[in-house]
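Here are the chains, one letter per residue:
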Amino acid sequence: MCFLWNTGCFYDSWKMTYYNNPLLVISAVALFLFVKNYHFANDRINSYAKSAFSIYLVQSSMIGSRIVYGWVKSHAVDWGANIWWMVILIAVIILTGSLIFDGLRIRLFKKLGF
């Protein structure tokens, strides 16, 4: 992806992150097979794992896919090498926001008896 980005193939580098990319599917399956028998005894990691679905929903919704990533794509050429810092910052903001909202959801559902 970095190679394509540095050679000026911006659209092709974005295609590397699509969910139907064979390299992404192979790496996801390999990662799953690597950790499927590994048991985490850390409460923080387990809470992140429980919130993974809410993070996915934010990322793949209109807010994530069209607004945030569309904004990043439109400013990618202007930022140059600094785009990676901006992508990491946006990912951390999405992660933090999703964890906060998911924590609130869990507390609300416990109070309601779900």
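Residues numbered from 1 in each chain as written. Predicted model: local features only at pLDDT ≥ 70, side-chain atom pairs only at ≥ 80, totals over all residues. Heavy atoms only, no water.

Asker: Looking at this structure, I do not really get a nonpolar patch on the surface. What am I missing?
Answerer: On the surface, L31, F34, V35, Y38, F40 and I45 cluster together to form a nonpolar patch covering roughly 630 Å² of accessible area. Mapped onto the secondary structure, F40 falls in the loop between α3 (22–35) and α4 (43–50). (Patch = residues over 30% accessible without salt bridge, like charges linked within 9 Å, V, L, I, M, F, W, Y side chains within 5 Å. Areas by Shrake-Rupley, 256 points an atom, 1.4 Å probe, with all protein chains shown as cover. Salt bridge = Lys/Arg side-chain N within 4 Å of Asp/Glu carboxyl O. Helix = DSSP H or I, 4+ residues; strand = E, 2+ residues; numbered from the N terminus.)

Asker: Mind showing me how you'd approach the layout of surface pockets here?
Answerer: Once rolled over the atoms, a probe with the size of a water molecule shows which space is left empty. Roughly 260 Å³ of internal volume is contained in the second largest pocket. In terms of residue count, the dominant contributor to the lining of the second largest pocket is helix α7 (residues 83–112) (five residues). In terms of residue class, the lining of the second largest pocket is built from three nonpolar, three polar and three charged. (1 Å grid on protein atoms, 1.4 Å probe; cavity = no way out; pocket = protein on both sides within 12 Å on 5 of 7 lines; lining within 4 Å. Points joined across faces, edges and corners; volume = space filled by probe spheres on them. Nonpolar A, V, L, I, M, F, W, Y, C, P; charged D, E, K, R; others polar.)

Asker: Please clarify how the packing of helix α5 (residues 52–60) against α7 should be interpreted in this entry.
Answerer: A packed helix pair is summarised by two numbers, namely the angle formed by the two axes and the spacing between the axes. It is at 9 Å that the axes of α5 and α7 come closest, and there the two elements cross at 125°. Considered as vectors, α5 and α7 are oriented oblique to each other. With respect to the hand of their crossing, α5 and α7 are arranged in right-handed fashion. Of the residues in α7, those in contact with S54, I55 and V58 of α5 are I94, L95, S98 and D102. (Axes fitted to C-alpha atoms, helices over the stretch in contact; angles between N-to-C directions. Parallel < 35°, antiparallel > 145°, perpendicular 65-115°, else oblique. Left-handed = near helix turned anticlockwise from the far one by under 90°. Contact = heavy atoms within 4.5 Å.)

Asker: When you look at the confidence of the model for the chain in this model, what are you seeing that I'm missing?
Answerer: Within the chain, residue pLDDT values average 76, and 82% of them lie at 70 or more. Taken element by element, the predicted model of the chain shows its lowest mean pLDDT in helix α1 (residues 2–6) (51) and its highest in α7 (85). (pLDDT = per-residue confidence, 0-100.)

Asker: Help me out: how do you make sense of the pattern of salt bridges in this one?
Answerer: Any two side chains of opposite charge can pair, on the condition that their charged atoms come close. One pass over the structure, following the stated rule, counts one salt bridge. Residue R105 pairs with D102 through a salt bridge whose shortest N-O separation is 2.8 Å. A residue pair is termed a helical-turn pair when its members lie 3 or 4 positions apart in one helix, as R105 and D102 do in helix α7 at three residues. For R105, a relative accessible area of 36% gives the class partly exposed. (Buried < 20%, exposed > 50% of the residue type's maximum accessible area, 1.4 Å probe, protein only.)

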